[in-house]
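Inside the fold
Chain residues, written in single-letter form:
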Amino acid sequence: MLNRPPAAKESAGPQFEPRIVAFFCNWCTYLAADLAGTSRMKYAPNVRVVRLMCSGRVDPQFVLDAFAHGADGVFIGGCHPGDCHYQEGNYKTLKRYALLKRLLKDMGIEEERFRLEWISAAEADRVRATINDMVEKVRALGPLALDAQAAEQPSVAQEVMA
Amino acid sequence: MPEDIGFSGQETPRVGVYICHCGTNIAAVIDVKALADYAGQLPGVVVSREYKYMCSDPGQALIETDIDDHELNRIVVASCSPLLHEPTFRRSLNRAGLNPFLLQMVNIREHVSWVHLDKRAATEKAQDLVRAAVRRVFLHKPLEKRRVSINPNVLVVGGGIAGIHAALTLADAGKQVYLVEREPTIGGHMAQFDKTFPTLDCAACILTPKMTTVGSHPNIRLWSYSEVTKVEGYVGNYKVQVKRKPRYINEDLCIGCQECITACVYKEGKTPDEFNVGLSKRKPVYLPFPQAVPQKVVIDRDTCIEFKSGKCKKTCIEACGDRLAIDFTQKDIFEEIEIGTIIVATGFQTFAPERNPFYGYKRYPNVYTSLEVERLVNASGPTAGEIVLRDGSKPGSVGIIHCVGSRDINTNRWCSKVCCMYSLKLAHLIKERTGAEVFNFYIDMRTPGKGYEEFYDRLLDEGVHFVRGRVAEVSDWTAHPSEQGKLVIRAEDTLAGFVRRIPVDMVVLAVGLEPQKDAQQVRRLFNMSCSSEGWFLERHPKLAPVSTFTEGVFIAGACQGPKDIPDSVAQAGAAAAEALALIDSKTVELEPYTASVIEDECSGCKSCIPVCPYQAVTFLEHEKKAHINEVLCKGCGTCVASCPSGSIRQNFFEDQEIFEEIEGVLAHA
Amino acid sequence: MPEKPKVAFYWCASCGGCEEAVVDLGDAILDVVAAVDIVFWPVALDFKRKDVEALPDASIAISFVNGAVRTSEQLEMSHLLRRKSQLLVALGSCSHLGGVPGLANLFGRDSILEEVYSLSPATINPEHRMPAARYGDNGNTVELPELHQSVHSLNQVVDVDYYIPGCPPTPKMFQAALQTLMSGQLPPRGTVLAPDHALCDECPRKDSKPQDLTIAEFKRPQQLLIDEQKCLLAQGLLCMGPATRAGCEALCIHGNMPCTGCHGPTSRVKDQGAKILSSLAILVEAREEPEIIKMQASIPDPVGTFYRYSLPASLLRKRRFAEAPPAR
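Everything numeric in this text was worked out from a predicted model, so none of it was measured.

Conventions and cut-offs
Starting from 1, residues in each chain are numbered consecutively following that chain's sequence as written. Starting at A for chains and at 1 for ligands, labels are handed out in the order in which the entities are written. Since the coordinates come from a predicted model, pLDDT governs what is reported: local features require at least 70, and pairs of side-chain atoms require 80 or more to be given and counted, while whole-chain, interface and lining totals use all residues. The side-chain quantities take in all heavy atoms of the structure and omit both hydrogens and water. Helix and strand definitions here come from DSSP, where helices need a minimum of 4 consecutive H or I residues and strands a minimum of 2 consecutive E residues; each element is numbered from the N-terminal end. Only protein chains enter the accessibility calculation, which uses a 1.4 Å probe. A residue is then buried if its area is under 20% of the maximum for its type, exposed if over 50%, and partly exposed in between. Any two residues having at least one pair of non-hydrogen atoms within 4.5 Å are treated as being in contact. The method behind every accessible area is Shrake-Rupley, applied with a 1.4 Å probe, and residues are considered shielded solely by the protein chains displayed. Any pair of Phe, Tyr and Trp rings, taking the six-membered ring for Trp, is counted once the centres come within 6.5 Å. Such a pair is stacked with planes under 30 degrees apart, edge-to-face with planes over 60 apart, and tilted for the rest. Look at NZ for Lys and CZ for Arg. If either is within 6 Å of the ring centre and within 35 degrees of the ring normal, a charge sits over the ring. Whenever a helix is involved, its axis is fitted only over the stretch in contact; in every case the axis is a line through C-alpha atoms, and angles between N-to-C directions fall within 0 to 180 degrees. Throughout, a crossing is termed right-handed when the near helix is turned clockwise from the far one, and left-handed when it is turned anticlockwise from it by less than a right angle. Under the scheme applied, nonpolar residues are Ala, Val, Leu, Ile, Met, Phe, Trp, Tyr, Cys and Pro; charged residues are Asp, Glu, Lys and Arg; polar residues are all the others, including Gly. Between any two strands, pairing holds if DSSP finds at least two bridges. An arc is given here, and it is the one of the directions from the helix axis to the C-beta atoms. Here, a salt bridge means any side-chain nitrogen of Lys or Arg that lies within 4 Å of a carboxyl oxygen of Asp or Glu. Each of two parts loses accessible area, computed with a 1.4 Å probe, when they are put together; buried area is these two losses added. A score between 0 and 100, pLDDT records how confident the predictor is in each residue. Two cysteine sulfur atoms form a disulfide, by the criterion used here, when they sit within 2.5 Å. As used in this record, nonpolar core signifies buried Ala, Val, Leu, Ile, Met, Phe, Trp, Tyr and Cys residues forming a set joined through side-chain atoms within 4.5 Å. Buriedness for pockets is judged along seven lines, at least five of which must meet protein on both sides within 12 Å for an open set on the 1 Å grid over protein atoms alone, while cavities are sets there where a 1.4 Å probe fits but cannot get out, and lining residues have an atom within 4 Å of a point. Grid points are joined across faces, edges and corners, and a volume is the space filled by probe spheres set on the points. Each polar contact in these results corresponds to two N or O atoms within 3.5 Å; when the atoms are within protein, one needs to be able to donate a hydrogen and the other to accept it, and residues that are neighboring in sequence are counted only if both atoms are side-chain atoms.

Glancing now at the overall build of chain A. Helix and strand content of chain A: five helices and four strands. Its helices and strands in sequence order give chain A the pattern β-α-β-α-β-α-β-α-α, from N to C terminus. Burial statistics for chain A: of 162 residues in total, 64% are counted as buried. For chain A, restricting intrachain contacts to residue pairs at least 6 apart in sequence, the fraction spanning at least 24 positions comes to 80%. On chain A, roughly 5,700 Å² of surface is accessible, and the fraction owed to carbon and sulfur atoms is 54%.

Moving on, we get to the packing of aromatic side chains. Considering all chains together, one arrives at 24 aromatic pairs over all chains under this definition. Their ring planes at 90° and their centres at 5.4 Å tell us that B:F197 and B:Y452 sit as a pair that is edge-to-face. On the criterion of sequence distance, the pair formed by B:F197 in the loop between β8 (195-196) and β9 (201-202) and B:Y452 in helix α13 (residues 452-461) is long-range, its members being 255 residues apart. By the ring-pair criterion, three or more aromatic residues cluster together here, those being B:F101, B:Y593, B:F652 and B:F653. The positively charged end of A:R51 is found above the aromatic ring belonging to A:Y30, 5.7 Å away from the centroid.

Here we come to the packing of helix α2 (residues 60-68) of chain A against helix α3 (residues 89-106) of chain A. Residues and elements named next belong to chain A. It is at 11 Å that the axes of α2 and α3 come closest, and there the two elements cross at 35°. At the point where α2 passes α3, the crossing takes the right-handed sense. Listed contacts from α3 to P60, V63, L64 and F67 of α2 are R96, L100 and L104. A per-class count over the contact of α2 with α3 returns six nonpolar, no polar and one charged.

Here we come to the pairing of strand β25 (residues 487-493) of chain B. All names here are of chain B. For β25, a buried count of five out of seven residues is recorded, marking the element as mostly surrounded by other parts of the structure. Pairing of strand β24 (residues 471-475) with β25 involves four bridges; the strand directions are antiparallel. Bridging from a neighbouring strand, V474 pairs with I489 of β25. Pairing of β25 with strand β26 (residues 498-504), which is carried by seven bridges, proceeds in the antiparallel orientation. Bridged to V488 within β26 is P503.

Moving on, we come to the side chain of B:D408. All names here are of chain B. Structurally, D408 can be placed in the loop between β21 (397-404) and α12 (419-434). A relative accessible area of 10% places D408 in the buried class. Ignoring sequence-local partners within four residues, the contact set of D408 consists of N356, R413 and R470.

As for its position among the elements, B:D128 is in helix α5 (residues 119-138). Note: C-alpha distance between B:D128 and B:L666 (538 residues apart in sequence) is 7.2 Å. In this structure B:D128 touches A:R48, B:G664, B:V665 and B:H668, once residues within four positions along its chain are discounted.

What follows covers α13(B). Residues and elements named next belong to chain B. Those residues of α13 that fall on the buried side of the exposure criterion are Y452, F455, Y456 and L459. The arc enclosing the buried residues of α13, seen along the axis, measures out at 100°, which places them on a common side. Along α13, the residues that are exposed and aim more than 90 degrees away from the buried face are E454 and D461. Once α13 ends, the next one or two residues include G463, with phi positive near 90°.

With that settled, consider the pattern of salt bridges. Applying the stated criterion across every chain, the model contains 81 salt bridges over all chains. Residue B:D194 is joined to B:R433 by a salt bridge in which the shortest nitrogen-to-oxygen separation is 3.4 Å. Placement of B:D194 in the loop between β7 (177-180) and β8 and of B:R433 in helix α12 is noted, with a sequence separation of 239 residues between them. In this structure B:D194 comes out as buried when scored by relative accessible area, which is 5%. Connected through shared salt-bridge partners, A:R115, A:E117, A:E123, A:R126, A:D133 and A:K137 make up one network.

The partner chain B presents 26 residues to the 20 residues of chain C that form the contact. Summing the contributions of chain C and of chain B, the shared interface buries around 1,900 Å²; its carbon and sulfur component is 49%. Among the residues of chain C in contact with chain B, C:Q211, C:R268 and C:K275 are the three that bury the most area, contributing 35% of the side total. The tally of links from chain C across to chain B stands at three salt bridges. One salt bridge connects C:D207 with B:K624, and the closest N-O pair in it is separated by 3.4 Å. Its residues assigned to classes, the side of chain C that touches chain B comprises seven nonpolar, five polar and eight charged.

All names here are of chain A. Across chain A, pLDDT averages 85, with 82% of residues at or above 70. Scored below 50 in pLDDT, residues 1-9 makes 19 contacts in the model with residues more than four places away or belonging to other chains. Note on residues 155-162: pLDDT under 50 across the span, and 15 contacts to partners over four residues away in sequence or across chains.

Taken as a whole and assessed by the stated rule, the structure comprises one disulfide over all chains. There is a disulfide in this structure between A:C28 and A:C79, and the S-S distance comes to 2.5 Å. On the S-S bond that ties A:C28 to A:C79, the torsion sits near 105°, and the link is right-handed. With A:C28 in the loop between β1 (20-25) and α1 (29-38) and A:C79 in the loop between β3 (73-78) and α3, this pair connects stretches of sequence that are 51 residues apart. For A:C79, a relative accessible area of 3% gives the class buried. With no disulfide of its own, B:C602 lies closest to B:C608 among cysteine sulfurs, the gap being 6.3 Å. Judged by relative accessible area, which is 7%, B:C602 ranks as buried. Of all cysteine sulfurs, the one in C:C94 lies closest to C:C12, which takes part in no disulfide; the gap is 9.6 Å.

Moving on, we come to the sheet that holds strand β1 (residues 15-20) of chain B. All names here are of chain B. Strand order in the open sheet formed by four strands is β2-β1-β3-β4, with parallel pairing between adjacent strands. In the strand order of this sheet, the two ends are held by β2 (45-51) and β4 (103-107), each with one partner. Across the sheet, the mean angle separating the axes of adjacent strands is 15° when strand polarity is ignored. Both β1 and β2 contribute to a ladder of six bridges, which runs parallel. By the bridge assignment, V17 is partnered in β2 with S48. Taken strand by strand, helix α1 (residues 32-40) contacts β1 and β2, and its axis lies near 170° from that of β2. Across the sheet, α5 lies against β1, β2, β3 (74-79) and β4, angled at about 165° from β4, the strand it touches most.

Grouped together as the largest cluster of nonpolar side chains are 148 residues, with contacts concentrated most on A:F23, A:F67, B:I75, B:I108 and C:F306. No other element matches α5(B), which puts nine residues into this core. Formed by 85 residues, the second largest nonpolar core is a distinct cluster that contains B:A171, B:V228, B:V285 and B:V344.

A few words on empty space enclosed by the protein. The gaps of empty space that remain are located by a probe, the size of a water molecule, rolled over the atoms. For the structure shown, the criterion picks out 14 cavities of 30 Å³ or more. In this model, the largest cavity occupies a volume close to 260 Å³. Taken together, 20 residues form the lining of the largest cavity, with A:V49, A:R51, B:Q104, B:M105 and B:E661 sitting closest to its centre. For the lining of the largest cavity, the elements supplying multiple residues, two or more each, are β2 (47-52) of chain A together with α3 (82-95), β4, α5 and α17 (655-666) of chain B. Among the elements that make up the lining of the largest cavity, the one with the highest residue count is α5(B) (five residues).

Quick look at helix α9 (residues 272-281) of chain C now. For α9(C), the buried fraction is high: 10 of the 10 residues fall into the buried class. Along α9(C), the residues that are buried comprise C:Q272, C:G273, C:A274, C:K275, C:I276, C:L277, C:S278, C:S279, C:L280 and C:A281. Where α9(C) is buried, its residues touch α2 and α3 of chain A, α16 (638-642) of chain B together with α10 (289-296) and α11 (302-306) of chain C. A distance of 3.2 Å separates the backbone nitrogen of C:G273 from a side-chain oxygen at the start of α9(C), and that oxygen is part of C:D271.

Put into structure tokens, the structure is as follows:
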């Protein structure tokens, strides 16, 4: 029997709440998220933000570590190309993102789970809209459940019938 | 366990966690008591409290007392955004004898309580974030801020009223100021106005003395007809390149006699005069306006025959005689200056009303913009102060349309703040000079400043007609013989409740204010952000309107947002004061978020060298290893992520600290 | 006469190259044999599993286990040797990081069996017989070790004391490691017995690597005449050197081939593939996403290239399937 992705998605109780780790750059996206707060915009509570000075600091290891430890999605927010507070950091992010996206696909992690958005300090509404959109897209994909996979330990002996 | 994750030094972590209610801002959504209880049972947490206002004196005292009483060595504060109060709580730690960087803040207000409705989910999110912060803060190391000296020289970019006032304030304080202005003269838009509201002071009368002082002030180096081309460095230590465009006039020799203009082979001007907004024509050699500072002519190479063909008679040189001030060989000069602070005061442009074709600008000759009318009204304008139609006759009726381009979802959303007042001013001046019937078409009358409402009252008494309604169109099709030859303004009179057709001889469009055309290039040059509308972004809309997110770079005047002259001057003074505060403190502290190469670990693979835009990472040929210049490093961390062997560390953003934060937010199954 | 320390060798899912590297010590192996008492070495000596089981716990000074863990037998033997040894050393890439066999984690177990026993071109298996752990016939039962769902590195199934990296470790490295382990001055538990900086440090072509490298197109070794003096990455080849521990004296580079990463990452890196990705991705000159993707397309197989030896030890460990593969 071949392994292939099943037709039906597993359901996880009442409603699956995706857990999304976000890396926001201090000068643009983090500020925009603050502005969304001061403007009292409302959005889904599924995202946990890790603050970095620049999206260029996002080491691909961070993205993989998040997935490996239970994140269903990862979102990187940085400044628009040309606007990086540190000139070029976001271009490096873009290049890493492109290759990492490809690697994740080859590892069976759907494209919608890893997202890069350029959000400037004034674009509070885009923070709201992107988070809501990503939460719904990841919800539709279901849990990534990588940590469950990793926890699988081979037992000392297993019996299998012919 | 803390030991497993490499808690630095021999200490065991003793963490104090502080949950702020922020009044009801946080407490109304997040169960702060439950959060404090949750934090209290996390490994390493010795004290966990919640309090109404952590940023207040008693709030901070709580932390400082606990540090003493409980020998705390790490602090977590869960409250508002760190961008607001991280410095506040770092100072608390400092006062209590703890290194300020042994603090981690958690944003549970802007990122949680203000943006989520579900209280249970919000509290759970806060728990995740606090847990992550506690795990991260174990790994924080004591850090020292770097101190750098400040160059006392200042660069002011833009010679309008804001730039002029900032430059004068700083120069009077004894600082050396470079004032760089793109046009051949300073003065900006204010120089084009005739009278200023509400006092009807003559703009030139109040402006030109300041301009003259700038031109002769020993502490101001005025570089007109110049632009900033490159900015490098950091607060207190900027290196700026300025391109000085060639006037083809030797500024030291020109005495402003203007005989070259009279003698020019062009008998009359053919080029639309920029200062008169195209209402008159100038020659290739010209003085922008009579009171220009510097009082020197300029030759426009795009229209001068000598540049086009090389075969001009050059009567200008003849007229200049033995003053020998004309020099066609001049080229761009690039000056390099070192300054410590920068004030950007590059002003605004007006809305181009062609974008609203229903107002007929450029289709009907007698539709003018407000700026054009300012020039008509002005005694040294194209019509010597006579308000006339294109055919030279006096208008019998004038319609002034407010909010052109502003408050409009199709063009600019914002209110341009000054148009109501200047429209009232123009109404007054037009009525006074021509006796015409004047109609102002407005949506709301915005007259909030000192003396502004009183000015409006005065206009009401002067017999100006006010129609409350947004003008739908200006056209020349007539419905009645009395409208023949006139422009008909159609607007709903909302107070009266019906649509009016008002025929007028002249239409004045109160065009709104917009960011300059090249605002994006300028702000990138100075590493500033823009708001979504394109105005330069201030650090905080209420509390820090003249500083930007780049330390040492300030903004003043209309480039930050539409405003009138008093506010521009006030901001210019404020920016000068803030620059002075920096300069007079002699040194400035920089955040210590720099990266450093661990020499023993570096393999010399050179992967990091090209990654740094500030050239802070260099390759040491002798040791064959990478090295980061701490002074040039701005702390973005891009090289840290690039290092394939993990041999670069970033202070406060080390790999392990971030892993702890990631794993901390996800730990709760 | 004091008893000689006992030493054992075992190989799990492996090619056998690590133990060949031991044999490659040449004459020096005689010194090794003289200094220790080898109590278990299936490829070379005739000791059986029950001989190991009979030894007291922790009586073997050092067990060198190479190969990844993929079957129930390998798991049992790893546990057995752990119990019987003072020091358990992971020898070679496969036990250190999962090794090349680790790439099997890109496929489900059942699809592997299907491929081998049914779909492969020269196989004729009309009854679709698949290997089973037990087979009964006329009251007799024979057993095979079970194939696990995924490949694991040694430290994912037992506690490992030290690692000797490499595919295979060079004889010099093995010798040096053995000396260290027998010296009585043991490094901290969990140490990888190789230098803790990247290969570029000992690469003979280091000086020819430019400081501002950019790449328009990555090349595969067969696509160009590889210059024997110049840095291989600078020639567009996918050299893992910057992300790989040194210690092998850059043997592959001396052979005019790029490093493939067999020593794994330095101790400061959690995921070798992610780190090399991070530094290679930014080498492409393009600035717009479509061009970036096009230039990066010249990397033919990111997972296979960046995780050739380290997939099971990486953060993601294995390819994810949308639902857990059905139990066999």
